[in-house]
Amino acid sequence: MTGPRATDTARTAGTGATASPSLGDLRRELTAHLEPAARAWLDHALDEAAAHPGIHGPISVWELRLAEAGRRCGAAHADAARVLILDAARADTDALTRVYFQGTADERRAVLHALPHLVPGPGALPLVEDALRTNDTRLLAAAVGPYAARHLDPHAWRHAVLKCLFTGVPVEHVADLPERARSDGELARMLADYAAERTAAGRAVPEDLHRVLDLTESAPDAPGADHPHGKES
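Quick notes on the rules
Chains are numbered independently. Their residues run from 1 in the order of the written sequence. Given that this is a predicted model, residues contribute local features only at a pLDDT of at least 70 and side-chain atom pairs are listed and counted only at 80 or more, while totals for whole chains, interfaces and linings are drawn from all residues. The side-chain numbers reported here are obtained from all heavy atoms of the structure, hydrogens and water having been left aside. A run of H or I in DSSP counts as a helix once it spans at least four residues, and a run of E counts as a strand once it spans at least two, with each numbered from the N terminus. Contacts were defined at the residue level, with two residues in contact if any of their heavy atoms lie within 4.5 Å. Accessible surface area values rest on a Shrake-Rupley calculation with a 1.4 Å probe, where residue burial reflects the displayed protein chains alone. Relative accessibility thresholds used throughout: buried, under 20% of the residue-type maximum; exposed, over 50%; partly exposed, between the two (1.4 Å probe, protein chains only). Side-chain atoms alone can form a polar contact between residues adjacent in sequence; in general such a contact is a pair of N or O atoms within 3.5 Å, and within protein one must be able to donate a hydrogen while the other accepts it. Stacked, edge-to-face and tilted labels apply to pairs of Phe, Tyr and Trp rings (six-membered ring for Trp) whose centres lie within 6.5 Å, assigned for plane angles under 30 degrees, over 60, and everything in between, in that order. To form a nonpolar core, buried Ala, Val, Leu, Ile, Met, Phe, Trp, Tyr and Cys residues must be joined to one another through side-chain atoms within 4.5 Å. Multiplying one less than the number of residues by 1.5 Å gives the expected span of a helix. To obtain the bend at a residue, axes are fitted to the seven residues ending there and to the seven starting there, and the angle between these axes is taken. What makes a salt bridge here is a side-chain nitrogen of Lys or Arg within 4 Å of a carboxyl oxygen of Asp or Glu, nothing more. A fitted line through C-alpha atoms serves as each axis, taken over the contacting stretch for helices, and the angle formed by two N-to-C directions is quoted from 0 to 180°. Any angle that falls under 35 degrees is termed roughly parallel, while one over 145 is termed roughly antiparallel, one within 65 to 115 roughly perpendicular, and all others oblique. In a left-handed crossing the near helix is turned counterclockwise from the far helix by less than a right angle, and in a right-handed crossing that turn is clockwise. Ten residues, namely Ala, Val, Leu, Ile, Met, Phe, Trp, Tyr, Cys and Pro, are considered nonpolar, four, namely Asp, Glu, Lys and Arg, are considered charged, and the remaining ones, Gly among them, are considered polar.

What follows deals with the overall build of the protein chain. The helix and strand tally for the protein chain stands at 13 helices and 0 strands. Along the chain direction, N to C, the helices and strands of the protein chain fall in the order α-α-α-α-α-α-α-α-α-α-α-α-α. Counted over contacts in the protein chain with a minimum sequence separation of 6, partners at least 24 positions apart contribute 72%. With an accessible surface of roughly 11000 Å², the protein chain has 53% of that area assigned to carbon and sulfur atoms.

Tracing the chain through its elements places Asp 92 in the loop between α4 (75-88) and α5 (93-102). Judged by its relative accessible area of 42%, Asp 92 is partly exposed. Once the C-alpha coordinates of Asp 92 and Val 119 are considered, the two residues, 27 residues apart in sequence, prove to be 7.1 Å apart. A distance of 2.9 Å separates a polar side-chain atom of Asp 92 from the backbone nitrogen of Ala 95.

Right, let's talk about the packing of aromatic side chains for a bit. Using the criterion set out here, one finds 2 aromatic pairs in the structure. Ring centres of Tyr 100 and Phe 101 lie 4.9 Å apart, and the angle between their planes is 85°; this geometry places the pair in the edge-to-face category. Note on Tyr 100: relative accessible area 0%, which makes it buried. A ring pair is formed by Phe 166 and Tyr 194, whose centres lie 4.8 Å apart and whose planes are at 75°; its orientation type is edge-to-face. Taken together, the residues Phe 166 in helix α10 (residues 154-167) and Tyr 194 in helix α12 (residues 185-200) connect sequence positions 28 residues apart.

Ranked by internal contacts, the top residues of the largest apolar core, which has 68 residues, are Trp 62, Leu 112, Leu 115 and Val 128. Among the elements that line this core, the one with the most residues is α4, at 7 residues. Setting aside residues up to four positions removed in sequence, Val 128 forms contacts with Leu 112, Leu 115, Ala 143, Tyr 147, Ala 148 and Leu 152.

Another point: helix α3 (residues 61-73). The α-helix advances 3.6 residues per turn, and as a result positions three or four apart in sequence lie on the same side. Here α3 contains 13 residues, and its C-alpha end-to-end distance of 17 Å stays within 8% of the 18 Å for a straight helix at 1.5 Å per residue. In the structure, α3 departs most strongly from a straight axis at Ala 67, where the bend amounts to approximately 45°. Buried residues along α3 sit in contact with α2 (36-51), α4, α5 and α6 (105-118). Immediately downstream of α3, the backbone of Gly 74 shows phi near 90°, a positive value.

Oppositely charged side chains can form a pair if their charged atoms are brought close together. One pass over the structure, following the stated rule, counts 14 salt bridges. A salt bridge links Asp 208 to Arg 211; the nearest nitrogen and oxygen atoms lie 2.9 Å apart. Of the two residues, Asp 208 and Arg 211 both sit in helix α13 (residues 207-216), 3 residues apart, roughly one turn of that helix. Assessed through its relative accessible area of 29%, Arg 211 is described here as partly exposed.

Looking now at the side chain of Arg 98. Positionally, Arg 98 belongs in helix α5. Only 2.7 Å separates the side chain of Arg 98 from the side chain of Glu 63, close enough to count as a polar contact. Discounting chain neighbours no more than four positions away, the residues touching Arg 98 are Ile 55, Gly 57, Pro 58, Ile 59, Ser 60, Glu 63 and Gly 103.

The next subject is the packing of helix α1 (residues 23-33) against α4. In the contact formed by α1 and α4, the axes pass within 10 Å of each other and the chain directions differ by 130°. It follows from the interaxial angle that α1 and α4 lie oblique. Here α1 and α4 pass one another in a crossing that is left-handed. Note on element contacts: α4 touches α1 through His 77, Ala 80, Ala 81, Val 83, Leu 84 and Asp 87, opposite Leu 23, Leu 26, Arg 27 and Leu 30. In terms of residue class, the contact of α1 with α4 is made up of 7 nonpolar, 1 polar and 2 charged.

Attention now moves to unusual backbone geometry. Here Asp 176, not a glycine, exhibits a phi torsion of approximately 60°, which is positive. Tracing the backbone through its elements, the reader meets Asp 176 in the loop between α10 and α11 (177-181). Owing to a relative accessible area of 34%, Asp 176 belongs among the partly exposed residues under this scheme. In this model, Ser 183 sits at a positive phi of 55°, which is unusual for a non-glycine residue. Within the fold, Ser 183 resides in the loop between α11 and α12.

The structure is reproduced here in structure tokens:
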């Protein structure tokens, strides 16, 4: 793929406008942009994973293909290739957890990108929480995607937003940011406290902080509208 990485194509203009591209979209992008040898390798890896799904022994054949993806498909396409391999292998939460904790940082990032596609409930939240404890900015950016937006509770989600500000991860990576930040007084208080601390220390306040603070001051939904994430008690 020339230009942006396949996982970066999920981002659209505007604050917090991250969306998760469909698996079909990822496959079409890679088919269109991979060199013939890389495309043939990916097709074989996907067929192999589909034929031998799940976990088998110390390491499954598709786990080996995850490790090869960067070399075979190139860094610009490796995340998307790994997500497709995980899907073809029908990796469940146990398999994803194994890959996450035994894999490289690149493989961990691919697992985080795969979560919205492969895990319908909150069972994989420990992986997101682990990633949010790191200072690896690429891992953090993957951790605050659609799965986190869907399943992190308000307290954890607010701290994830603050972690992005601490580490310099652009808040455009935070999925559903406008919706979750809307009229969130507690998040506004945390942002104001952080801004005050930086100002007192003679340090610049990140521009992204002001962007998120503006979102917290947006008008609430009309009475009776659903609030899927609720407020922290």
